[in-house]
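# Observations on the three-dimensional arrangement
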Amino acid sequence: MAAVQAPGVAAQIRHELVGLSGVVERNLYLVKRYFWWDVAFLIWTIANTLTIVFIARGVDMPKAEQDRLATALLVGGVIWAFLGIIFEIVTETVAWERWEGTIEYTFMAPVSRPVHLFGMGIFAVLYGIVRAVILFVAVVAFIGIDVPNANYAAALALLAIASISFIGIGMMTAVLPLISPEKGTQLGFVAQGLLLVVSGVYYPVSVLPEWMQWISTISPATYALRGTRDSILHGAGLAWADVWPLLLIGAASIPLGLMIFRSGERYAKRHGKLKRSG
Amino acid sequence: MSQPAVVVSDLRKEFVRKSKGLRRRRRAALKDVSFTIERGECVAILGQNGSGKSTLVRLLSTLLLHDGGTATIFGYDAFKDTRAVRRLVNRVSVEASFFKKMSAAENLGYAARFYGMTHKETRDKIPAILSRVGFPPDRRGEPMEALSRGMQQKVALARALLTSPVLLLLDEPTTGLDPRSKQEVQEFIREIRVAHDSTILLCTHDMTEAEELADRVGLLDRGELLFLEPVECVKDRYGVDTLEEAFFAATGRTFEDEKSEEDEEREVFA
């Protein structure tokens, strides 16, 4: 019999919610403290997106066609930036803590791992949306694209649905630095790059080799890009053809991500890798 | 009679290390260690670097899985009831690990949320606890990286105390501190015992610190717990006047002796 009694279910749920708010709160503090780094990365992303979108202006075609191409490229750039940041933040859950030296304190705290990881995911989505909106507005204003038919609500809704899958996939790669501190982080970057390259960021998936096209069908970014382009360019609403694969991938990737992370955490605890130096 | 705070029985932990080629060697960091700590007691475990002190602390903190034996904390299994154990335990390690760009107050706030404390609950508690450890109020907003090691270690103690742990694990909390900071931290540990009724496991290689702070002193050598008893009993047992002499009598080595290759290998993990 334990001498100190465990709290009830309601108290445990409250505890988890407070823990989740703590993860978001901590990340907001870090954004505040690294504000000028965030500004620098955002400017770099805007400049990078502009270099791609300006390609449309160099193509010999009527202005209206140029605008369509520029918008298609811009959507690719914004989605890359949005999904990339979600992936990066969730993937770096462990690497970041290890770098700061706080990993042991976080992993011995009485908050469940799903709540910890979802906290990272929620912050990543909020942060990614703010960045994506600034990026979109800045590039549209700079290059002078007119998107009169855009259905922004549908585009944002689809991004929110796609975020679930990316949080799940991020959980799977977040485990890599637990198993191998340095190589794991490197592999996380490789996975992020590979996932986005097969998803038709700046081109239709149909131009890819067949084997890459097959992989693109299991990438949530494929459906996010296709649906968002339709919403921005043609004012299309949420298309079931894009929504159901995203829901399916999300429903599979979250439990799978949590399971993989839990197994990785057990491995790290067995082999003494759950510490700042790995 | 009340239940013991910590019961460790035949606890064993091994690490695997790659040696030359593809060969893997197993090194025992803890070899069938057994001891009990009563509620409210302060126990110090002495040992050189690589003796297994940190491994013991990390096992009790739920950061490692064991290879044999058992460990219970206030009746909860340290390897099965991890959620329950985590609510009861906090620690201070040799490195005051914080988010370096965040302030002391922000770091404490973040840690408190993980222990279920809301912003409202910590609004007054954090300044109060920082004041108690002698942290200057005008520096609460400064990033941790701007603070001295001694100051950071005080914040680490405040972080541990903020969550009201019933078991406090101190892993070389004063190592590397200047004499004044060391004294202040030791003073605070004494205060914690009186004010909070906490049970304390102090791992250190500072024999004076162990003698001054602990009710009982243990010696962990190369993963084996050679004794754990009041200092006077240790001295009587070996017929010596100091803990340094007791260490020599128990191990045949002086505390500062050079380490063997095996010790260094063990140090990497432990």
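To start, this report covers the structure provided alongside it. (Residues numbered from 1 in each chain as written. Chains lettered and ligands numbered in written order. Predicted model: local features only at pLDDT ≥ 70, side-chain atom pairs only at ≥ 80, totals over all residues.)

## Things to note about the overall build of chain A
Of the regular secondary structure elements, chain A holds 11 helices and 0 strands. Mapped from its N terminus to its C terminus, chain A presents α and β elements in the order α-α-α-α-α-α-α-α-α-α-α. Over its C-alpha trace chain A gives a radius of gyration of 20 Å, about what one expects of a compact globule, namely 19 Å for 278 residues. By principal-axis analysis of the C-alpha atoms, chain A measures approximately 80 × 40 × 40 Å. Evaluated residue by residue, chain A yields a buried proportion of 47% over its 278 residues. Long-range contacts, defined here as pairs at least 24 residues apart, represent 81% of the contacts in chain A between residues at least 6 apart. (Helix = DSSP H or I, 4+ residues; strand = E, 2+ residues; numbered from the N terminus. Rg over C-alpha atoms; globule rule 2.2 N^0.38 Å. Buried ≥ 20, exposed ≤ 12 C-beta atoms within 10 Å, placed from the backbone. Contact = placed C-beta atoms within 7 Å.)

## Here's the deal with the pairing of strand β10 (residues 224-229) of chain B
All names here are of chain B. Two elements, strand β9 (residues 216-221) and β10, share 5 bridges in a ladder whose sense is antiparallel. Among the inter-strand pairings, Val217 is bridged to a residue of β10, identified as Glu229. Connecting β9 to the antiparallel partner β10 that follows it, the hairpin turn spans 2 residues, and Arg222 within it adopts a positive phi of roughly 50°. (Pairing = 2+ DSSP bridges.)

## A closer look at the sheet that holds strand β5 (residues 76-77) of chain B
All names here are of chain B. Pairing in this open sheet of 4 strands is antiparallel, and the strands run β2-β1-β4-β5 from one edge to the other. With partners counted over all chains shown, the strands left at the sheet margins are β2 (24-37) and β5, one partner each. Bridge analysis of strand β4 (residues 68-73) against β5 gives 2 bridges, and the strand direction is antiparallel. Residue pairing in the sheet places Ile73 in a bridge with Tyr76 of β5. Of the strands in this sheet, β1 (6-18), β2 and β4 touch helix α1 (residues 53-60), which is tilted by about 70° from β2. (Axes fitted to C-alpha atoms, helices over the stretch in contact; angles between N-to-C directions.)

## Remarks on the interface of chain B and chain A
Interfaces are often sized by the amount of accessible area the parts lose when they come together. On the side of chain A, 33 residues touch chain B, which itself brings 36 residues to the contact. For the side of chain B that touches chain A, the secondary-structure elements that each account for two or more residues are β1, α2 (82-88) and α3 (104-114) of chain B.

## Focus: the sheet that holds strand β7 (residues 167-171) of chain B
All names here are of chain B. An order of β6-β7-β8-β3-β9-β10 is seen for the 6 strands of this open sheet, with the pairing classed as mixed. The open sheet has two free edges, formed respectively by β6 (89-92) and β10, since each of these has just one partner strand. The average undirected angle you get between the axes of adjacent strands in this sheet is 15°. Across the face of the sheet, α1 comes into contact with β3 (42-46), β6, β7, β8 (199-204) and β9 while running at roughly 150° to β7. Contacts between helix α9 (residues 243-251) and the sheet are confined to β3, β9 and β10, with β9 contributing the most and set at about 40° to the helix.

## Side note on the packing of helix α2 (residues 35-57) of chain A against helix α3 (residues 63-100) of chain A
Residues and elements named next belong to chain A. Where α2 meets α3, the axes come as close as 8 Å, and the angle between the chain directions of the two elements is 155°. Considering their axes alone, α2 and α3 lie roughly antiparallel with respect to each other. Here α2 and α3 pass one another in a crossing that is right-handed. For the pair formed by α2 and α3, the contact residues are Thr45, Thr49, Ile52, Val53, Ile55, Ala56 and Arg57 on the first element and Gln66, Leu69, Ala70, Leu73, Leu74, Gly77 and Ala81 on the second. (Parallel < 35°, antiparallel > 145°, perpendicular 65-115°, else oblique. Left-handed = near helix turned anticlockwise from the far one by under 90°.)

## Here's the deal with the environment of A:Gly22
Relative to the helices and strands, A:Gly22 resides in helix α1 (residues 9-33). If we ignore the near neighbours within four places in the chain, the residues touching A:Gly22 are B:Tyr110, B:Arg113 and B:Phe114.

## What to know about unusual backbone geometry
We note that B:Thr62 has phi near 70°; this positive angle belongs to a residue other than glycine. Along the chain, B:Thr62 turns up in the loop between α1 and β4.

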